[in-house]
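# Descriptive structure summary
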Protein chains: 2
Amino acid sequence: MNDTLTSYLGGQWVAGDGGGNAVADAVTGDHLHLVSSGGLDLPGAVTFARDVGGPALRSLTFPERAALVKAAAAALSERKQELYDLSAKAGATLSDAKVDVDGGFGTAMVYAGLGKRGLPDGTVVVEDDPIQLGKEGLFFGQHILTSRQGLALQINAFNFPVWGMLEKLAPALLAGVPSIVKPATPTAYIAQHAVRIMVEAEVLPEGALQIVCGSIPGLFDLLDGQDSVGFTGSAETAAKLRSDPAVTQRSVRFNAEADSLNSSILGPDAGPGTPEFDLFVDALITEMTVKAGQKCTAIRRAFVPTEHLEEVADAVSTKLSEVVVGAPGAEGVTMGALVGLDQRDDVRAKVAELAAGTTTVFGDPQTVEVVGADAERGAFISPVLLRSDDPAVAAVHAVEAFGPVSTLMPYESAAQVVELVARGQGSLAASVVSYDDDFTRHVVQNIASHHGRVLALDRDSAPESTGHGTPMPQLVHGGPGRAGGGQEEAGLHAVFDHLQRTAVQGSKARLLSVTGSGQAR
Amino acid sequence: MNDTLTSYLGGQWVAGDGGGNAVADAVTGDHLHLVSSGGLDLPGAVTFARDVGGPALRSLTFPERAALVKAAAAALSERKQELYDLSAKAGATLSDAKVDVDGGFGTAMVYAGLGKRGLPDGTVVVEDDPIQLGKEGLFFGQHILTSRQGLALQINAFNFPVWGMLEKLAPALLAGVPSIVKPATPTAYIAQHAVRIMVEAEVLPEGALQIVCGSIPGLFDLLDGQDSVGFTGSAETAAKLRSDPAVTQRSVRFNAEADSLNSSILGPDAGPGTPEFDLFVDALITEMTVKAGQKCTAIRRAFVPTEHLEEVADAVSTKLSEVVVGAPGAEGVTMGALVGLDQRDDVRAKVAELAAGTTTVFGDPQTVEVVGADAERGAFISPVLLRSDDPAVAAVHAVEAFGPVSTLMPYESAAQVVELVARGQGSLAASVVSYDDDFTRHVVQNIASHHGRVLALDRDSAPESTGHGTPMPQLVHGGPGRAGGGQEEAGLHAVFDHLQRTAVQGSKARLLSVTGSGQAR
């Protein structure tokens, strides 16, 4: 029996020829299937994207493409329960699954709206008004954005198989660029099922979306300067892919979004008894436990004024002791499993690396009480809160345990905490939790250069805050340095990143003819 | 005697310790000096930029930085004759030198104006209005742009030592980012003198501008995610630098602008006797002879409707026969020398590679009549016009002779010429020379994806057209694929490329506090 997960390539569901990697249920440890792309026609998929998917998408106007995105999102929404059920096998509780699944189609919905309202009724974006380049008004320049005539290769992380695909797919569709998705092996079956739902709904033109479950040997050799790669995952893999001649020699656009050591900073004003103190503690618990801490935006470094450190440690410990680890759906469970036993080994190893400079406030990575499952067969782990009284210890700013693990650190001044945050070498997100205007302004302005997103959290915005760890389609997702140096989402920026900016020069009449009915944005 | 060209590092003029590369006068072949960075304190220069130059620039508001840029441009303008004189040693006629020198300070002047008018009176750019993220209006997001806290390393090409430096320096200064300039060895003395003029004028804060004449061993090892590299030069060197761990592992921003096989396309309507026919011929002559064809934007591929090919070949040949090659400033000279004998060897070798698929319409790369200099001691070469009656010959779309060399090719239809242009794998610039609206629109829209800039040239705009080969500070300079995949200039985009985009989230009042007086653009 061939139990290899199928791929969707060239308009067909096809299975790799055996071998490959075995994927197990994160909760029970039972074998699920193999993942292998052996024998699949990847060059054919590239040709299909370029010759069939690209022309089909480019023949549509922006509003027509927005309608496709909306229809794809609606199809996923309709069958979301199937995706929740699959997510549970990957260790995700229902609320974890919603972050991924509802987050995914919700993001696509937002993009459909942005595309409908914010892009012209045509295929060319005109970026600016004609810029006069001569004294007599005979010669002008103007920028247009047009679809690149290649494909978008997505290489995604395991933690958000649906959202991670949709947040890249929606902007590519709007831009008229076909996508090939390469999901991470441990959760490829969830991404694959989301593709199946969209394929069965027959909402996208053939060739606009293909998925390869398994490795992609030789695929980079086929890419050129009209293509792009959107990568989410580890910094190590990002570095390897970014060294490929496709990127270095042929200028394939490469966007990386990598895990980073994100910070949360409690303001000196926010002592015990203030709403901000509680918000800080609650956010830390949330970021440690949602998706069992397997989020690239999760808080890894929690900076607390020295005078509040004990109280914070106590409050967080108390709340962590109330976390119920176990099988998604089992009675009272509030935190699920890691994605697999390899991942648990990795988290344990990273906690061991962190142990040198830290003490343990809560939890033991080797032991956990589990509800509704076997603690050893499933990839369960306890939340672990560490503490480093010397915030200059190098490991806490460099080693990331990609699970329910955070480190508390004290700081003495706003200037010091700015410097400590920068030791992370660039992060996706930071929170400043304070009701003090001067402190917040100073810290935000001075850590902005190292971040893609900074949340200023306080009692006023908390009731509607989307939280530290949640990228929003309207806002930048990405960060400098260790976070990959890339940018995703950010509203229409993500669409424009798939388009080529071209300056057109000529007489005003000629420019008007070239830009057609496109209006300056 | 140490005749090593000095560098300006750490606020001092310092000479490398001998050895290095000898640079000769392009016209006479006489030895000028050595270029060597041996023994120079490059780590000290990096620290000086980060610890002295960066903070000094960042403490200034955008209008204050714009005033610096203006003052630097004025200082260069004041002493431009010195730069013209040095440029002549590199083979540049006075009009060639003006393209570089006046083009350089002119670009800086434009940036000073853009900075003064287009950036806020502060240090933070607020990109958009607050975006409401909750139903009750308690929670918003907004994007700010802040100075990255690193340095900008410029690695420049030999052909535009002044413009190439200034078009990168001006946006960096506006962004509050200090620069280290590494000029190309053959013309480092011209860039170095331009730096000397700015240093002597005492217009920039210490550390804002340093120059290393010579190689930069180990410098990339010191760069991190707050730094950027702006490279102009060959695709080979771009690929090598882009493979460095600084870029692949630490996400140093890397922008490449590489030579490309730019096209000019004559419209079917533009037969002999039309103004566009003459414009096409004149533009080709200009692009072949200005800077002796050593321009990354020069026309390498000239596409002509089959029925006009003979007449174009005749007209271009006639004009090329009027070109007078010789020492800059000598009687009647209209085209100078290549930058050096190595460059001439390279051009000859590339013409030999092109010979396989082409016939020669005009010129012999081995022989040239020269006025006011010795044809062999100086780096002189004849303009060479080639012709490929089969436009599918691979070499003409892949091999660039970086000198006064172009190839004429016939085409049969608009669809065919679009396809042929794309064979260049991405270019900086193209011209469409036609008075036919439909032809121009079709071609421009369909080649835009492969270009950073497209000039629609006709009788109406010609009197004020800045020409095929001239990047404008207001417009994108760069191109996809072979052209490096980067973007320079484009008005304030080049400034923003030095800033970090950060989404800030919070209550409306908190956002207003963080963004201060910054106004949404």
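Scroll up to find the structure.
This text gives an overview of the structure that appears in the document. (Residues numbered from 1 in each chain as written. Chains lettered and ligands numbered in written order. Predicted model: local features only at pLDDT ≥ 70, side-chain atom pairs only at ≥ 80, totals over all residues. Heavy atoms only, no water.)

### What about the overall build of chain A?
Selection rule: Helix and strand labels come from DSSP, where a helix needs a run of H or I of at least four residues and a strand needs a run of E of at least two; each type is numbered from the N terminus. Just to be clear, the radius of gyration here is over C-alpha atoms, and the globule rule we use is 2.2 Å times residues to the power 0.38. Exposure classes here rest on a 1.4 Å probe applied to the protein chains alone. A residue is buried below 20% of its type maximum, exposed above 50%, and partly exposed in between. Per-residue and other accessible areas follow the Shrake-Rupley method at a 1.4 Å probe size, with only the shown protein chains counted as cover for residues. His residues and chain termini do not enter the charge count, which takes Lys and Arg as positive and Asp and Glu as negative. Taken as the charge location is NZ of Lys, CZ of Arg, CG of Asp or CD of Glu.
Within chain A, the regular secondary structure consists of 15 helices and 22 strands. Over its C-alpha atoms chain A spans a radius of gyration of 24 Å, differing by no more than 12% from the 24 Å that the globule rule assigns to 521 residues. Across its three principal axes, chain A shows a C-alpha extent of roughly 70 × 70 × 40 Å. The buried share among the 521 residues of chain A stands at 64%. When the accessible area of chain A is evaluated, it comes to approximately 17000 Å², of which 51% is carbon and sulfur surface. Measuring between centres, the 38 positive side-chain charges of chain A sit 8 Å from its 62 negative side-chain charges.

### Here's the deal with the environment of leucine 153 of chain A
Residue and element names in this part refer to chain A. Rules: Contact between two residues is taken to exist if any of their heavy atoms lie within 4.5 Å; hydrogens are not considered.
By the element assignment, leucine 153 lies in strand β8 (residues 152-155). Each C-alpha atom of the pair leucine 153 and threonine 466 lies 29 Å from the other, and the pair is 313 residues apart in sequence. Setting aside residues up to four positions removed in sequence, leucine 153 forms contacts with Ile180, Ile216, Leu219, Phe220, Leu223, Ser228, Val229 and Gly230.

### Re the pattern of salt bridges
The cut-off we apply is this: Here a salt bridge means any side-chain nitrogen of Lys or Arg lying within 4 Å of a carboxyl oxygen belonging to Asp or Glu.
Evaluated as defined, the whole model comprises 40 salt bridges over all chains. Across the salt bridge formed by arginine 510 of chain B and aspartate 437 of chain A, the nearest N and O atoms sit 2.4 Å from each other. One end of the pair, arginine 510 of chain B, is in helix α15 (residues 508-515); the other, aspartate 437 of chain A, is in helix α13 (residues 437-447), on a second chain. Residue classification places aspartate 437 of chain A among the partly exposed residues on the basis of a relative accessible area of 32%. Between arginine 510 of chain B and aspartate 458 of chain A there is a salt bridge; the shortest N-O distance is 2.9 Å. Pair noted here: arginine 510 of chain B is in helix α15 and aspartate 458 of chain A is in the loop between β19 (451-457) and β20 (476-477), and the two residues belong to different chains. Each member of the pair, arginine 510 of chain B as well as aspartate 458 of chain A, is classed as buried.

### Some thoughts on the nonpolar core
Note that soluble globular proteins tend to have their nonpolar side chains buried in a common cluster. Note the following rule: For our purposes a nonpolar core is just a set of buried Ala, Val, Leu, Ile, Met, Phe, Trp, Tyr and Cys residues, chained together by side-chain atoms within 4.5 Å.
Judged by nonpolar contacts, the single largest core of 75 residues is most densely connected at Ile265, Leu408 and Ile447 of chain B. A per-element tally of this core places helix α9 (residues 275-289) of chain B first, with 7 residues. Not counting the four nearest positions on each side in its chain, leucine 408 of chain B is found in contact with Leu284, Ala302, Val304, Leu309, Val312, Ala313, Leu385, Leu386, Arg387 and Ser388 of chain B. In this structure, Ala26, Leu266 and Phe303 of chain A together with Phe140 of chain B belong to the second largest nonpolar core, which totals 74 residues.

### Describing the relation of the copies chain B and chain A
Threshold: Least-squares fitting of one copy onto the other uses the C-alpha atoms of those residues that reach a pLDDT of at least 70 in both copies.
Mapping chain B onto chain A leaves a residual RMSD of 0.0 Å; the transformation is a rotation of 180 degrees accompanied by 0.0 Å of translation along its axis. These values place the two chain copies in the arrangement generated by a two-fold rotation axis. Taking C-alpha positions as reference, the residue of chain B nearest the rotation axis is serine 243 of chain B, located at 2.6 Å. When the interface residues of chain B are mapped onto chain A, 100% of them again lie at the interface, so the same face is used by both copies.

### Some words on the pairing of strand β4 (residues 31-35) of chain A
Applicable threshold: Any two strands with at least two DSSP-identified bridges between them are counted as paired.
With 4 bridges connecting them, strand β3 (residues 21-24) of chain A and β4 of chain A associate as antiparallel partners. Paired with alanine 24 of chain A across the bridge in β4 of chain A is histidine 31 of chain A.

### Regarding the packing of helix α4 (residues 94-118) of chain B against helix α5 (residues 163-175) of chain B
Residue and element names in this part refer to chain B. For clarity, the threshold we go by: Fitting a line to C-alpha atoms yields each axis, with helices limited to the stretch in contact; the angle taken between N-to-C directions then spans 0 to 180 degrees. Comment on the angle field: the value is read as roughly parallel under 35 degrees, roughly antiparallel over 145, roughly perpendicular from 65 to 115, and oblique elsewhere. By definition, turning the near helix anticlockwise from the far helix through less than a right angle yields a left-handed crossing, and turning it clockwise yields a right-handed one. We call Asp, Glu, Lys and Arg charged. Ala, Val, Leu, Ile, Met, Phe, Trp, Tyr, Cys and Pro are nonpolar, and the rest, Gly among them, are polar.
One way to put it is that α4 packs onto α5 with a least axis distance of 8 Å and a crossing angle of 15 degrees. Taken together, α4 and α5 sit at an angle that is classed as roughly parallel. Where α4 crosses over α5, the handedness of that crossing is right-handed. Here α4 contributes Val99, Asp100, Gly103, Gly104, Thr107, Ala108, Tyr111 and Gly115 to the contact with α5, which in turn contributes Trp163, Gly164, Leu166, Glu167, Ala170, Pro171 and Leu174. Of the residues contributing to the contact of α4 with α5, the split by class is 8 nonpolar, 5 polar and 2 charged.

### Considering helix α7 (residues 235-242) of chain A
Of the positions making up α7 of chain A, those classed as buried are Ala238, Ala239, Leu241 and Arg242 of chain A. Buried residues in α7 of chain A make contact with β8, β11 (228-233), α8 (245-248) and β12 (253-258) of chain A together with α8 (245-248) of chain B.

### Remarks on the environment of phenylalanine 62 of chain B
Residue and element names in this part refer to chain B. As for its placement among the helices and strands, phenylalanine 62 is situated in helix α2 (residues 62-78). Classification of phenylalanine 62 as buried rests on a relative accessible area of 0%. The residues touching phenylalanine 62, leaving out its near neighbours within four places in the chain, are Leu119, Pro120, Gly122, Thr123, Val124, Val125 and Leu174.

### Brief notes about the interface of chain B and chain A
The following threshold applies: Accessible-area loss on putting two parts together, using a 1.4 Å probe and summing over both, is the definition of buried area adopted here. By the criterion applied in these results, polar contacts are pairs of N or O atoms within 3.5 Å in which, for protein atoms, one can donate a hydrogen and the other can accept it, and in which residues neighboring in sequence qualify only through two side-chain atoms.
At the interface, 79 residues of chain B touch 79 residues of chain A. Among the residues of chain B in contact with chain A, Glu464, Gln505 and Arg510 of chain B are the three that bury the most area, contributing 12% of the side total. Where chain B meets chain A, there are 4 salt bridges. The interface formed by chain B and chain A holds 52 residue pairs in polar contact (both at pLDDT 80 or more) in total.

### Describing the packing of aromatic side chains
Within a pair of aromatic rings, the relevant descriptors are the distance that separates the centres and the angle that separates the planes. The line we're drawing: Think of it this way: a Phe, Tyr or Trp ring, Trp meaning its six-membered ring, pairs with another when their centres are within 6.5 Å, and the plane angle makes it stacked under 30 degrees, edge-to-face over 60, tilted otherwise. Sitting over a ring, as applied to charges here, requires NZ of Lys or CZ of Arg to be within 6 Å of the ring centre and within 35 degrees of the ring normal.
Applying the stated criterion to the full structure yields 10 aromatic pairs over all chains. Ring geometry for phenylalanine 158 of chain A and phenylalanine 402 of chain A: centres 6.0 Å apart, planes at 85 degrees, overall edge-to-face. Note that phenylalanine 158 of chain A is positioned in the loop between β8 and α5 (163-175) and phenylalanine 402 of chain A in the loop between β16 (384-387) and β17 (405-411), a separation of 244 residues in sequence. Per residue, the accessibility class of phenylalanine 158 of chain A equals that of phenylalanine 402 of chain A, and both read buried. Summarising the aromatic geometry, the rings of phenylalanine 231 of chain A and phenylalanine 254 of chain A are spaced 6.4 Å apart at their centres and angled 20 degrees between planes, so their arrangement reads as stacked. Note that phenylalanine 231 of chain A is positioned in strand β11 and phenylalanine 254 of chain A in strand β12, a separation of 23 residues in sequence. The class for phenylalanine 254 of chain A is buried, based on a relative accessible area of 16%. The positively charged end of arginine 196 of chain B is found above the aromatic ring belonging to tryptophan 13 of chain B, 4.1 Å away from the centroid.

### Considering the side chain of threonine 187 of chain B
Residue and element names in this part refer to chain B. Position of threonine 187 among the secondary structure elements: in the loop between β9 (179-182) and α6 (188-200). Residue classification places threonine 187 among the buried positions, given a relative accessible area of 3%. Among all residues touching threonine 187, those that are not within four sequence positions of it are Ala90, Phe158, Pro161 and Val339.

### Regarding the environment of valine 69 of chain B
All names here are of chain B. Turning to its location among the elements, valine 69 is positioned in helix α2. Exposure remark for valine 69: the relative accessible area of 2% places this residue in the buried category. For the pair valine 69 and alanine 462, spaced 393 residues apart in sequence, the C-alpha to C-alpha distance is 31 Å. In this structure, valine 69 is in contact with Ala108, Ala112, Ala170, Leu173 and Leu174, ignoring residues within four places of it in sequence.

### What to know about the packing of helix α9 (residues 275-289) of chain A against helix α10 (residues 309-321) of chain A
Residue and element names in this part refer to chain A. Axis separation between α9 and α10 bottoms out at 10 Å; the angle between their running directions is 45 degrees. Judged by the angle between their axes, α9 and α10 are oblique. The way α9 lies across α10 gives a crossing that is right-handed. Between α9, through Phe277, Phe280, Val281, Asp282, Leu284, Ile285 and Met288, and α10, the contact on the second element is made entirely by Glu311, Val312, Ala315, Val316, Lys319 and Leu320. In the contact of α9 with α10, the residues fall into 10 nonpolar, no polar and 3 charged.

### Some points on the pairing of strand β13 (residues 262-266) of chain B
All names here are of chain B. How we decide: Seen with the strands pointing away from the viewer, any crossover whose path from the first strand over the helix to the second strand runs clockwise is right-handed.
The element β13 is largely enclosed, with a buried count of 5 among its 5 residues. Residues Asn262, Ser264 and Leu266 of β13 are buried on one face, and the alternating residues Ser263 and Ile265, pointing to the opposite face, are buried as well. Both β13 and strand β14 (residues 299-305) contribute to a ladder of 4 bridges, which runs parallel. Note on β14: the bridge partner recorded for serine 263 is arginine 301. On the question of chirality, the crossover connecting β13 to the parallel β14 by way of α9 is right-handed. For β13 and strand β18 (residues 427-433), the ladder comprises 4 bridges, and the chain directions are parallel. In the sheet register, isoleucine 265 faces β18, and the bridge partner there is valine 432.

### A short note on the side chain of histidine 397 of chain B
All names here are of chain B. Relative to the assigned elements, histidine 397 resides in the loop between β16 (384-387) and β17 (405-411). A relative accessible area of 4% means that histidine 397 is categorised as buried. Reaching out from histidine 397, the side chain makes a polar contact with the side chain of arginine 301 at a distance of 2.7 Å. When sequence neighbours within four positions are dropped, the list of residues in contact with histidine 397 reads Leu261, Arg301, Phe303, Pro391, Met409, Leu420, Arg423 and Gly424.

### Description of unusual backbone geometry
Residues and elements named next belong to chain A. Phi at serine 251 takes a positive value of approximately 60 degrees, unusual for a residue other than glycine. Looking at the element boundaries, serine 251 is found in the loop between α8 and β12. On the basis of relative accessible area, serine 251 is assigned to the buried category, the value being 4%.

These figures come from the coordinates and say nothing about function on their own.
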